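Working through the structure, step by step
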Amino acid sequence: MGMILFWISVVLALAGIGYLLASARNIRRFSKAIRASHMLASPVPVSLLKPLHGAEPRLAANLASFFDQQWDAPVQIVAGVGDDRDQAIPALQALTTAPPRRDATLVVSPRRHGANAKISNLINMMPMAQHDIIILSDSDIAVPPDYLRRVAGALAQPGVGAVTCVYAGRGDAGFWSRLAAANLSYFFLPDVLTSVALDTGGACMGSTIGLRRETLERIGGFSAFADVLADDHAIGAAVRALGLTVAVAPVVVTHASTDASCAALVRHELRWAATVRELGTARYVGLAMTMPLPFALLAAAIRPDLATAALIALALMARLLSARTIDRLVGCRTAAWWILPPRELLRFAIFVAGFFVRKVDWRGEKLNMLGAGRIGHTVRAS
């Protein structure tokens, strides 16, 4: 039995090493696509939807990046909160009251339309959106000045029904947030870019979803996703069901990680793990092949020798190569490289725990997972 487990570990470790080497190639390919891209649409009015909840360390700067765009057409920002005491409000007010004048609308409404609080927020905000191009993104996203040009350019291509963006991490709240950011940049981003390179057609992320008002209405509006946990993925699936594609814009945006403690990081990533698991068990199990180091260590524990030591070294080198390629793509280092081994082991532990999660925490609420990606009633987390 021990030797069977040993050889399974060796095979999975080698498969993971091969995957990381391939992912480095896919990262370089996407980097070339960004440099070669000239998909610049004629500027048209755009409504940006920003569902907010609570203060974040660099919220004002994140929001400002959406105002400061190279875009010669009206840009309206509609921000939404569920409570007039929400601590995100001052950050928005600081941007809209100081020069230059910016077109921003704040919607304050506690009305709930389902278990998904973010979707409820978007439903409440939508009546204030004035323009036909709708772009929504999470509050913890920051974007470069050519963001709108690239997203709208991708949306203008024939057959495209929606546009999304890949993202790298940035730690804004100390060590644990940097550990969370490392997961996004060095593990999640290569996975997504490999999916894009293989043209699996599954990418649609809360970092950006841009679509036309007509398309949103055809998929049932935001109300159709009020009880869905992975609302971004479900919106993408609904757009594809219309016979349209979801394009990945040639740009990398920034996800600001704000997990200030180990407990916050684990809660956050367990929710992500459970969300991915709900999208398909086989797909979730396949994530094991993206993490070679735990299997190399297991093989070495069963049979410690030079061969298994070399396997560990290869796993570490492949991860480092992938991380360095990501750093060149993003233009900065998300976290120190010594973080990579413990970060991979923590990711693997959360991956295993993800098989057993049936309730997840989302911004102070416990969501009951009902299967098939849907969530039930919510209660306040203690």
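Here, every reference points to the structure presented above.
Computed from a predicted structure; not experimentally measured.

All right, on to the overall build of the protein chain then. Looking only at helices and strands, one finds 13 helices and 11 strands in the protein chain. Computed over the C-alpha atoms, the radius of gyration of the protein chain is 21 Å, within 12% of the 21 Å expected from 2.2 N^0.38 for a compact globule of 382 residues. For the protein chain, the proportion of its 382 residues judged to be buried stands at 53%. Relative to all contacts within the protein chain whose residues are 6 or more apart in sequence, the contacts with residues 24 or more apart total 80%.

Glancing now at the nonpolar core. If you look at the biggest cluster of nonpolar residues, it comprises 81 residues, and the most contacted ones within it are I135, Y147, V163, V166, Y186 and L329. Setting aside chain neighbours within four positions, we find V166 in contact with F30, L189, V192, L193, M205, V248, V251, V252 and V253. Membership of the second largest hydrophobic core comes to 26 residues, among which are A162, C204, I235 and A238.

By way of backbone hydrogen bonds, the strands of a sheet pair with one another, either parallel or antiparallel. Taken in spatial order, the 8 strands line up as β3-β2-β1-β4-β7-β6-β8-β5 in an open sheet, and their pairing is mixed. Looking at which strands have only one partner, the edges of the open sheet turn out to be β3 (104-108) and β5 (141-142). When strand β1 (residues 46-51) meets strand β4 (residues 133-136), the two strands line up parallel, connected through 4 bridges. Along β4, the bridge assignment pairs L48 with I135. Most of the contacts of helix α5 (residues 147-155) go to strand β6 (residues 160-171), to which it runs at about 150°, and overall it touches β1, β2 (75-81), β4, β6, β7 (209-212) and β8 (245-257). Where helix α8 (residues 231-241) meets the sheet, its contacts fall on β6, β7 and β8, and the angle it forms with β8 comes to roughly 170°.

Here we come to the state of the cysteines. Per the stated rule, a full pass over the model turns up 0 disulfides. Between C204, a free cysteine, and C165, which holds the nearest cysteine sulfur, the sulfur-to-sulfur gap is 10 Å. According to the relative accessible area criterion, C204 is buried, its value standing at 4%.

For the rest of this paragraph, the subject is the pattern of salt bridges. Taken as a whole, this structure holds 12 salt bridges when the rule is applied. The closest approach of N and O atoms between K118 and D138, which form a salt bridge, is 3.2 Å. Of this pair, K118 sits in helix α4 (residues 117-125) while D138 is found in the loop between β4 and β5, placing the two residues 20 residues apart along the sequence. One continuous salt-bridge network, built from bridges that share partners, spans R58, R170 and D172.

We now examine the packing of aromatic side chains. Inspection of the entire model under this criterion finds 9 aromatic pairs. Judged by centre distance (4.9 Å) and plane angle (75°), the ring pair of Y284 and F355 falls under edge-to-face. Separated by 71 residues along the polypeptide, Y284 in helix α10 (residues 281-286) and F355 in the loop between α13 (340-353) and β9 (359-362) bring together distant segments of the chain. With a relative accessible area of 28%, F355 lands in the partly exposed category. Aromatic pair F295 and F348: ring centres 5.4 Å apart, planes at 80°, arrangement edge-to-face. Here F295, found in helix α11 (residues 292-302), pairs with F348, found in helix α13; they are 53 residues apart in sequence, far enough to count as distant.

Attention shifts here to the pairing of β2. Burial analysis of β2 places 6 of its 7 residues in the buried class, the great majority of the element. Bridge count between β1 and β2: 6 bridges; the pairing is parallel. Of the residues in β2, the one forming a bridge with P51 is G80. Between the parallel elements β1 and β2, the chain passes through helix α2 (residues 59-67) in a crossover that is right-handed.

For the rest of this paragraph, the subject is the side chain of S185. Along the chain, S185 falls in helix α6 (residues 175-197). Since its relative accessible area comes to 0%, S185 is described here as buried. Not counting the four nearest positions on each side in its chain, S185 is found in contact with A168, G169, P190, I326 and T334.

It is worth spelling out the environment of S223 at this point. Here S223 lies in the loop between α7 (213-218) and α8. Owing to a relative accessible area of 48%, S223 belongs among the partly exposed residues under this scheme.

Turning our attention to the environment of P341. Here P341 lies in helix α13. Taking the C-alpha atoms as reference, P341 lies 7.2 Å from L316; in sequence the two are 25 residues apart. Those residues in contact with P341, other than ones at most four positions away along the chain, are L293 and L316.

The next point concerns the packing of helix α1 (residues 2-36) against helix α12 (residues 306-330). Close contact between α1 and α12 brings their axes to 9 Å; oriented N to C, the two are set at 15°. Judged on the interaxial angle alone, α12 and α1 are roughly parallel. Read as a crossing pair, α1 and α12 show a hand that is left-handed. The class makeup of the residues in the contact of α1 with α12 is 18 nonpolar, 5 polar and 2 charged.

Procedures and definitions
- Residues numbered from 1 in each chain as written.
- Predicted model: local features only at pLDDT ≥ 70, side-chain atom pairs only at ≥ 80, totals over all residues.
- Heavy atoms only, no water.
- Helix = DSSP H or I, 4+ residues; strand = E, 2+ residues; numbered from the N terminus.
- Rg over C-alpha atoms; globule rule 2.2 N^0.38 Å.
- Buried < 20%, exposed > 50% of the residue type's maximum accessible area, 1.4 Å probe, protein only.
- Contact = heavy atoms within 4.5 Å.
- Core = buried A, V, L, I, M, F, W, Y, C linked by side-chain atoms within 4.5 Å.
- Pairing = 2+ DSSP bridges.
- Axes fitted to C-alpha atoms, helices over the stretch in contact; angles between N-to-C directions.
- Disulfide = S-S within 2.5 Å.
- Salt bridge = Lys/Arg side-chain N within 4 Å of Asp/Glu carboxyl O.
- Phe/Tyr/Trp six-rings, centres within 6.5 Å; stacked < 30°, edge-to-face > 60°.
- Right-handed = clockwise from strand over helix to strand, strands pointing away.
- Parallel < 35°, antiparallel > 145°, perpendicular 65-115°, else oblique.
- Left-handed = near helix turned anticlockwise from the far one by under 90°.
- Nonpolar A, V, L, I, M, F, W, Y, C, P; charged D, E, K, R; others polar.

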